[in-house]
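Chain and residue survey
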Amino acid sequence: MPPAVSVEGLTKTYGSVTALAGVSFTVDEGEVLAILGPNGAGKTTAVEILEGYRRADGGTISVLGHDPSSGGREFRDRIGIVLQETGIEVVLTVREAIDVYARSYSRRLPTDELINLVGLDGKADARIKTLSGGQKRRLDLALGLAGDPELVFLDEPTTGFDPSARRKSWAMIEGLTSLGKTILLTTHYLDEAQHLADRIIVLSGGSIVAEGTADALGEGRAFSTISFTAEGADRLPRLEGGPVMTGHTVTYRSTSVTTDLLELTTWATERGVELAGLEVTRPSLEDVYLDIVGETENGGRPS
Amino acid sequence: MSPARYVSLVWGQIRHNNRLFWRTPAAAFFTLALPVIFLVLFSVIFGDQEWSGYSFAQFFAPAMAVFAAVSSSFSNLAIGVSYARDQGILKRVRGTPLPAWVYMAGRIGSGVWMAVLSVGLMFVLGWAFFDFRMVWDNLGSALLVFVVGIATFSALGLAVCASLRNADSSPAAANGVFLPMAFVSGIFIPLDDAPQWLVILGDVFPLKHFAGPFREAFDPFHEGAIIGWEHLGVMGLWLVFGMLVITRYFTWDPRGA
Ligand SMILES: Nc1ncnc2c1ncn2[C@@H]1O[C@H](COP(=O)(O)OP(=O)(O)O)[C@@H](O)[C@H]1O
Ligand SMILES: [Mg+2]
């Protein structure tokens, strides 16, 4: 089966700003791909090119077999779009909005089912202007799903949510994958990507700086931390990643924990020193992410 | 897609826009209430005048009908579509399979509906309270002028929207064009004694060519043909101009402040 989305060498500049500097990736049918990256990374630019809103400067793009810039109605009939920012006629009720926006699709999910799916049951007949920000966002999601799309684009679906609203939205999005939908979502929350996505692309400064499953992202580039307490820093062994003293705590950043531990424990036993509170911390994905993005933001190349 | 499906989509959009209209009190006020207020005020002020048995409203109600029709098309589209664009509503619409022309047809169709409603309202109020007497003979001509006029002012309303950077300037732009044009076109005060340059100025703009023949159609003293082709011609030129501006400058994306 051909991938639902395939992008090769995508470029886009705005004046002197390079928003996308040659981005390539694919999204398979039924897969959830997250584009993870800080603000200004180029996520919205990439997604809106795939949706047909913006034109790429270069690269080849295929979305459900269409060129999005000329896909037209037939193309939009098969995709669902949740934009990062859009308004709506706030004088309408939730039900009215869904009915009017769903009308043009050739397939439809029943309005009540949609309202239920996004958890707006109690609000079906409320004017949109009375909804909270989170509820409006869930209405956006309902509108994106109204045409029972094969492929759903979600541009930062939960930004600005409180943790519980976030959990609820995650549950909803997970529900979509069980319906077999292909999902391309962007986020700048690592935990969101980790929770929802089968695969993550880390975008920074318009380039893909890392790609893989959440676990795979951590491998290789990850620093574990070895820490213990000591009275003085003098004569502590010098290793590649330390020592760094914070009060009485000594920390080493380590890419090869076994070797570094051996060195430290040998040093300690030779001198009869106790490594009080010895601790080895595996890197969190957050650290990995900050590490990846930090490198590129400082102008360095990812390793 | 079958033609029936297109018709149903357009109809749905018209109803949708009508609903928005009634739920936006400012739009409803300027489109319907303002011409009513003018009709009542002027008819009361000039209530003691008569022309061979005909009241002031005989001539003024059709003028206010045109005023209301232009509000419904020109001002409504210029302001309404600009705000829809700024708020990202147009962008949202473009993300669905709804054809662009269906959206516009819904907007314009809703304007036509408001225009028909307000024209009817002026005539009924004029008849009920100010001694307006319906002239039936030229209804066909009035209808033709009305159709061309609405088409022209719809195109111009969208052209104003297309040329604005943001919606907050749209009420000022729409009214800044419409109200002076109404004066130089003799909507409120006849230009019989006006200086020549003002008359020429009025001739250039399309409103006089809408209001003039439309009023004549209900003028019991008028003789001869109602539809001067030069009127339709001038409106037609403005219609084409409006379409050119739309094709060249209209966008669906918000433009930022
Ligand atoms: N319409 C635009 N005009 C000019 N610059 C833009 C435009 N859209 C985005 N940019 C710039 O392109 C870069 C990427 O933006 P964007 O795609 O919105 O990133 P993200 O969604 O990851 O935050 C940023 O530097 C942004 O300022
Ligand atoms: Mg963005």
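What counts, and at which threshold
Residues numbered from 1 in each chain as written. Chains lettered and ligands numbered in written order. Predicted model: local features only at pLDDT ≥ 70, side-chain atom pairs only at ≥ 80, totals over all residues. Helix = DSSP H or I, 4+ residues; strand = E, 2+ residues; numbered from the N terminus. Pairing = 2+ DSSP bridges. Axes fitted to C-alpha atoms, helices over the stretch in contact; angles between N-to-C directions. Contact = placed C-beta atoms within 7 Å. Parallel < 35°, antiparallel > 145°, perpendicular 65-115°, else oblique. Left-handed = near helix turned anticlockwise from the far one by under 90°. Nonpolar A, V, L, I, M, F, W, Y, C, P; charged D, E, K, R; others polar. Domains from an automatic or database assignment. Near = placed C-beta within 6 Å. Buried ≥ 20, exposed ≤ 12 C-beta atoms within 10 Å, placed from the backbone. pLDDT = per-residue confidence, 0-100. Expected span 1.5 Å × (residues − 1).

This part covers the overall build of chain B. From N to C terminus, chain B includes 10 helices and 2 strands. Along the longest, intermediate and shortest principal axes, the C-alpha atoms of chain B span 60 × 40 × 30 Å.

Residues and elements named next belong to chain A. With respect to topology, 6 strands assemble into an open sheet ordered β5-β6-β7-β3-β8-β9, the strand pairing being mixed. Because the sheet does not close on itself, it has two edges, and the strands there are β5 (79-82) and β9 (207-212). With strand direction ignored, the average angle separating the axes of adjacent strands in the sheet is 15°. On top of the sheet, helix α1 (residues 43-51) reaches β3 (32-36), β5, β6 (151-155), β7 (182-187) and β8 (199-204); it is set at about 150° to β6, its chief contact. Sitting on the sheet, helix α5 (residues 133-145) touches β5 and β6, and the angle it makes with β5 is about 165°.

Each pair of packed helices gets described by two things: the angle between the helix axes and the distance between those axes. All names here are of chain B. One way to put it is that helix α6 (residues 139-163) packs onto helix α9 (residues 207-216) with a least axis distance of 9 Å and a crossing angle of 165°. As far as their axial angle goes, α9 and α6 are roughly antiparallel. Of the two elements, α6 crosses α9, and the hand of that crossing is left-handed. For the pair α6 and α9, contact is made by Ser141, Ala142, Val145, Phe146 and Gly149 and by Phe210, Pro213 and Phe214, respectively.

Here we come to the interface of chain B and chain A. The interface of chain B with chain A comprises 16 residues on the first partner and 17 residues on the second. Counting residues per element, the side of chain B that touches chain A draws most heavily on helix α1 (residues 3-22) of chain B, at 4 residues. Residues of the side of chain B that touches chain A, tallied by class, amount to 6 nonpolar, 7 polar and 3 charged.

Reports often express the size of an interface as the amount of accessible area lost when the parts come together. With domains assigned, chain A is organised as domain 1 (5-218) and domain 2 (224-282). Placing the centre of domain 1 of chain A and that of domain 2 of chain A at their C-alpha centroids yields a distance of 46 Å.

With that out of the way, let us pick up the site of ligand 1. All names here are of chain A. If you check the shell around ligand 1, you find Tyr14, Val17, Ala19, Gly37, Asn39, Gly40, Ala41, Gly42, Lys43, Thr44 and Thr45 and nothing else. The set of elements that each furnish at least two residues to the shell around ligand 1 consists of β2 (17-27) and α1. In terms of residue count, α1 provides more of the shell around ligand 1 than any other element does, 3 residues in total. By residue class, the composition of the shell around ligand 1 is 4 nonpolar, 6 polar and 1 charged.

This part covers the environment of alanine 162 of chain B. Residues and elements named next belong to chain B. Mapped onto the fold, alanine 162 is located in helix α6. When the 19 C-beta atoms within 10 Å are taken as the criterion, alanine 162 is described as partly exposed. Considered as a pair, alanine 162 and alanine 78 are 84 residues apart in the sequence and their alpha carbons are 8.4 Å apart. Not counting chain neighbours up to four residues away, the residues in contact with alanine 162 comprise Val245, Ile246, Tyr249 and Phe250.

Bringing the confidence of the model for chain B into the picture now. All names here are of chain B. Residues of chain B with pLDDT of at least 70 account for 100%, and the chain-wide mean is 92. Within chain B, strand β1 (residues 50-51) has the poorest average pLDDT of any element, 79, and helix α4 (residues 89-94) the best, 96. Reported confidences for the modelled complex are a pTM of 0.86 and an ipTM of 0.89.

The phi torsion of most residues other than glycine is negative, and most of the peptide bonds are trans. All names here are of chain A. Positive phi is not limited to glycine here, since leucine 64 has a value of about 50°. Relative to the helices and strands, leucine 64 is located in the loop between β4 (58-63) and α2 (72-76). Leucine 64 sits in the partly exposed class, given 19 other C-beta atoms within 10 Å. For aspartate 148, which is not glycine, the phi torsion reads 50° and is therefore positive.

The end-to-end C-alpha distance of α1 of chain B, which contains 20 residues, comes to 29 Å, matching closely the 28 Å that a straight helix rising 1.5 Å per residue would cover. Its buried side turned inward, α1 of chain B meets α3 (94-102) of chain A together with α2 (25-45) and α5 (100-129) of chain B.

Residue and element names in this part refer to chain B. Viewed as axis vectors pointing N to C, helix α3 (residues 57-86) and α9 meet at an angle of 140°, and their least axial separation amounts to 9 Å. In terms of their interaxial angle, α3 and α9 are classed as oblique. For α3 against α9, the interelement crossing comes out right-handed. Only Leu207, Phe210, Ala211, Phe214 and Arg215 of α9 make contact with α3, whose side of the interface consists of Phe59, Pro62, Ala63, Val66 and Val70. Here the contact of α3 with α9 is built from residues that sort into 9 nonpolar, no polar and 1 charged.

With that out of the way, let us pick up the pairing of β7 of chain A. All names here are of chain A. Summarising burial for β7: 6 of the 6 residues are buried, a large majority. Alternating residues of β7 divide into Thr182, Leu184 and Thr186 and Ile183, Leu185 and Thr187, and every residue in both groups is buried. Here β3 pairs with β7 via 5 bridges, running parallel. Bridge pairing links isoleucine 35 to threonine 186 in β7.

With 30 residues, α5 of chain B should cover 44 Å at 1.5 Å per step; its first-to-last C-alpha distance of 43 Å lies within 8% of that length. Downstream of α5 of chain B by one or two residues, aspartate 131 of chain B has phi in the positive range, about 65°.

Attention now moves to the sheet that holds strand β13 (residues 276-281) of chain A. Residue and element names in this part refer to chain A. Here we have 4 strands laid out as an open sheet, ordered β11-β12-β10-β13, and antiparallel in their pairing. In this open sheet, the two strands that pair with only one neighbour each are β11 (244-246) and β13. Neighbour-to-neighbour, the strand axes of the sheet open up by a mean angle of 20°, direction not taken into account. Where strand β10 (residues 224-229) and strand β12 (residues 249-254) come together, 6 bridges link them in antiparallel fashion. Paired with threonine 229 across the bridge in β12 is threonine 249.

Attention now goes to the pairing of β12 of chain A. Note on strand geometry: in a regular strand, side chains alternate between the two faces of the sheet. Residues and elements named next belong to chain A. Residues Val250, Tyr252 and Ser254 point to one face of β12 and are all buried, whereas Thr249, Thr251 and Arg253, pointing to the other face, are not buried. Where β11 meets β12, 3 bridges bridge the pair, whose relative direction is antiparallel. Looking at β12, one finds that threonine 246 is bridged to threonine 249. Linking two consecutive strands that pair antiparallel, namely β11 and β12, is a turn of 2 residues; a positive phi of about 60° is found at glycine 247 within it.

On to the confidence of the model for chain A, then. Residues and elements named next belong to chain A. In this model, chain A carries a mean pLDDT of 87, and residues with pLDDT of at least 70 account for 92%. Looking over chain A, one finds the lowest element-wise mean pLDDT in helix α10 (residues 285-297), namely 68, and the highest in α1, namely 97. For residues 299-303, every residue scores under 50 in pLDDT, and the model assigns this stretch 7 contacts once sequence neighbours within four places are set aside.

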